[in-house]
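Spelled out, the chains give:
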Amino acid sequence: MTLRCVLAVLALAGATFAGPEVTELKVEVVSVPEGCTVKSKQGDMLTMHYTGTLENGHKFDSSYDRDQPFTFQLGVGQVIKGWDQGLVDMCVGEKRKLVIPASLGYGDRGAGNVIPGGATLFFDVELINIGDTPPTTNVFKEIDADKDNMLSREEVSDYLKKQMVPQDGSEMSEDVKQMLESHDKLVEEIFQHEDKDKNGFISHEEFSGPKHDEL
């Protein structure tokens, strides 16, 4: 499963559905290694381990459970705003706790059945590596199956399903199963945000996700 691409698309679904910001992002530094000379900045490629929970303590995702850290580019919208803002100036080996209000997470709509609308998100994060920045993935191009420079609901739906199903044949987690079951809702949320002219398609100009290489 290409988790980075899934999160990039899900970030679109929550981007404009945030209600009034009633709380601010809270960042608690748990531990910092000695001799830190390089810190994370916007545009860096970060590799993180993390565990995400809701206010009731329910764990909705963890890279530790998969034994696979998560790599993404900081500050370009590949993850929720709370991560883009809360993971700046980190040292490799540093651990933090993030408390992310819904306005910087998935907004009033949430994310399927996994994250309810208006949810405050709690993350324990650890920075594993700061790497060079590769070319940004053109998610638009990957979704646009018929290459007509327009995204249909069917194309977005098929893309989400493809990204969520493990390619190695391994069993899906319960949270991913719930996301698949509610993926139609996610598709509609993405279209409500991205389909600016409400013609039933998302054009390249309307799409706000990663699309930085040539068409």
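An unreviewed UniProt entry lists the chain under the name peptidylprolyl isomerase, with Danaus chrysippus given as the organism. Looking at the chain in UniProt, the text filed under Catalytic activity (unreviewed entry) is "[protein]-peptidylproline (omega=180) = [protein]-peptidylproline (omega=0)".

### Side note on unusual backbone geometry
With phi around 55°, Lys147 is a residue other than glycine that occupies positive phi space. Considering the arrangement of structural elements, one finds Lys147 in the loop between α4 (139-143) and β7 (150-151). Judged by relative accessible area, Lys147 falls into the exposed class, the value being 57%. Even without glycine at this site, Asn149 takes up a positive phi of about 65°.

### Some points on the state of the cysteines
Two cysteines whose sulfur atoms are joined by a covalent bond form what is called a disulfide. The tally for this structure, following the rule as stated, stands at 1 disulfide. A sulfur-sulfur separation of 1.9 Å characterises the disulfide bridge that pairs Cys36 with Cys91. Taking the torsion about the S-S bond as the criterion, the Cys36 to Cys91 disulfide, at about -95°, is left-handed. Of this pair, Cys36 sits in the loop between β1 (26-31) and β2 (45-53) while Cys91 sits in the loop between α3 (81-86) and β5 (95-100), and the two are 55 residues apart along the sequence.

What counts and what doesn't
Residues numbered from 1 in each chain as written. Predicted model: local features only at pLDDT ≥ 70, side-chain atom pairs only at ≥ 80, totals over all residues. Heavy atoms only, no water. UniProt positions renumbered as here; feature names shortened; annotations may be inferred. Helix = DSSP H or I, 4+ residues; strand = E, 2+ residues; numbered from the N terminus. Buried < 20%, exposed > 50% of the residue type's maximum accessible area, 1.4 Å probe, protein only. Disulfide = S-S within 2.5 Å.

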